[in-house]
Amino acid sequence: MNLFTDIYNNPLLCIVNPQKLKMKFKSLYIDQSTNPNCETTCSGGDVDEEYLATVDGCQTIDGDLTIEGWEKPLPNLDNLQSVTRINGSLFIRNTTGLGNFDYFGALKEITVPKGKNATAIEIVHNRGLTELQLPHLERVSSENTMRIIITDNKELGMKEATALKLYALASGREHTRIQYQDRTTLWDGLLGNKLYLVILIMLLLILIVGILISVLLTVRTVKRRRVETKEGFPKPPWRLGKQSQEILVGWVKNILLKNPLIWRCSDREVIWPYQERDATREFTL
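Residues numbered from 1 in each chain as written. Predicted model: local features only at pLDDT ≥ 70, side-chain atom pairs only at ≥ 80, totals over all residues. Heavy atoms only, no water.

Draft legend 1. Up close: the overall build of the chain. Helix and strand content of the chain: seven helices and 15 strands. Counting over 285 residues, the chain shows a buried share of 31%. Considering only residue pairs separated by 6 or more positions, the chain has 60% of its internal contacts joining residues 24 or more positions apart. For the chain, the exposed area adds up to about 19200 Å²; of that, 57% sits on carbon and sulfur atoms. (Helix = DSSP H or I, 4+ residues; strand = E, 2+ residues; numbered from the N terminus. Buried < 20%, exposed > 50% of the residue type's maximum accessible area, 1.4 Å probe, protein only. Contact = heavy atoms within 4.5 Å. Areas by Shrake-Rupley, 256 points an atom, 1.4 Å probe, with all protein chains shown as cover.)

Right, dumping it as structure tokens:
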């Protein structure tokens, strides 16, 4: 008889090994998220549907974690998202169709116990594995000289920065065998070299400012052409101010009192516009 169905909302309760209870009571639900100080540990083993049903909420896996022979991703793979440490090796071998395997999002450390001469990470012969994400992995430790092996995964893609991180975690490229399709983009390269990225941004800003200045000058020139002739005079209709009207009236009076043909030739283009091809342009005193 199943005496338990749910255990949750107990901020002072810590079930250190919830896996044991779940193996005994198959439908038991345990949520210890209200106790952030609770460190949970589960046993390693071959990962299958039954194992995944019991590992939910486990932070430390004590022993090897082996994913092998799968023909497709299994249900409840998200239960691996709580794992932060593996005291053993991580094996992913001979599977099909894993695609983008991103179920170790919280994994920080893989440590092979002393005296056990084993590879820390071995990911081999996985058809259809396109990406393996270990974004928070910070430590890989093993007495074996070959600490990370990732080979014979034909569709596996990886960015160069990820590979370099794995080399560093293994304490050098010589402690690894990694095969992958390089999927580094130009943007990834720029992010990897922040100095070049800053220079590129500055050049783009200068270019944008230059374009804006050019546009403003062009608009200003066009507006000016719309309101002025090529000689620099306003286009009609003219609206003269009071002072300008008085000056114009004075000019007209002077012209009427004198012969317009000989009245100050230097002012003719101002007060008596004419065509460039007009014969009178040749007139001189």
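Picking up where we left off.
Draft legend 2. Up close: the pattern of salt bridges. Under the criterion given, the structure shown has five salt bridges. Between D64 and K116 there is a salt bridge whose closest N-O contact spans 2.7 Å. Of the two residues, D64 is situated in strand β4 (residues 60-68) and K116 in the loop between β8 (109-111) and β9 (121-124); the sequence distance between them amounts to 52 residues. What makes K116 partly exposed here is its relative accessible area of 33%. Close ionic contact of R139 with E109 constitutes a salt bridge, the shortest N to O distance being 3.6 Å. Remark: E109 occurs in strand β8 and R139 occurs in strand β11 (residues 139-141); sequence separation between them is 30 residues. Overall, the relative accessible area of 22% leaves E109 in the partly exposed class. When salt bridges with common partners are traced through the structure, they connect E68, R93 and E122 into a single cluster. (Salt bridge = Lys/Arg side-chain N within 4 Å of Asp/Glu carboxyl O.)

Draft legend 3. Spatial organisation of the packing of aromatic side chains. Overall, the coordinates contain two aromatic pairs when judged by the stated rule. Centroid distance F101 to Y103: 5.1 Å. Interplanar angle 70°. Geometry classified as edge-to-face. The residues F101 and Y103 share a single accessibility class, namely buried. Seen from their ring centres, F101 and F104 are 5.9 Å apart, and the 50° between their planes marks the pair as tilted. Here F101 and F104 have matching classes, each one buried. Among the aromatic residues, those joined into a ring-pair cluster are F101, Y103 and F104. (Phe/Tyr/Trp six-rings, centres within 6.5 Å; stacked < 30°, edge-to-face > 60°.)

Draft legend 4. Expanded view of the side chain of H175. Position of H175 relative to the elements: it lies in the loop between α3 (160-169) and β14 (176-178). Taking relative accessible area as the criterion, H175 reaches 16% and is therefore assigned buried. Of note is the side chain of H175, whose polar atom sits 2.6 Å from the backbone oxygen of T145. With near-sequence residues (within four places) excluded, H175 lies in contact with T145, M146, R147, I148 and A170. (Polar contact = N/O pair within 3.5 Å; in protein donor to acceptor, adjacent residues only side chain to side chain.)

Draft legend 5. Representation of the environment of S33. Mapping S33 onto the fold places it in the loop between β2 (29-30) and β3 (41-46). Note on S33: relative accessible area 56%, which makes it exposed. C-alpha of S33 to C-alpha of C14: the two residues are 19 residues apart in sequence and 10.0 Å apart in space. A distance of 2.8 Å separates the side chain of S33 from the side chain of D31, its partner in a polar contact.

Draft legend 6. Representation of the state of the cysteines in the model. Per the counting criterion, the structure on display carries two disulfides. Covalent S-S linkage joins C42 and C58, the inter-sulfur distance amounting to 1.5 Å. Taken together, the positions of C42 in strand β3 and C58 in the loop between α2 (49-54) and β4 put the pair 16 residues apart, joining distant regions of the chain. If you count the bonded cysteines of the chain from the N-terminus, they pair up as 1-2, 3-4. (Disulfide = S-S within 2.5 Å.)

Draft legend 7. Layout of the confidence of the model for the chain. Scored by pLDDT, the chain comes out at a mean of 83, with 79% of its residues at no less than 70. Predicted confidence is poor over residues 278-285, with pLDDT under 50, and the contacts of this stretch with residues over four places away or in other chains come to eleven contacts. (pLDDT = per-residue confidence, 0-100.)

Draft legend 8. Region of interest: α3. Among all positions of α3, only A163, L166, Y167 and L169 are buried. Buried residues of α3, seen end-on, are gathered within an arc of 165° and therefore sit on one face of the element. Exposed side chains of α3 directed beyond 90 degrees from the buried face belong to A161 and A168. Elements that come into contact with the buried residues of α3 comprise β11, β12 (148-151), β13 (157-158) and β14. Two residues or fewer after α3 comes S171, characterised by a positive phi angle close to 65°. (Arc of directions from axis to C-beta.)

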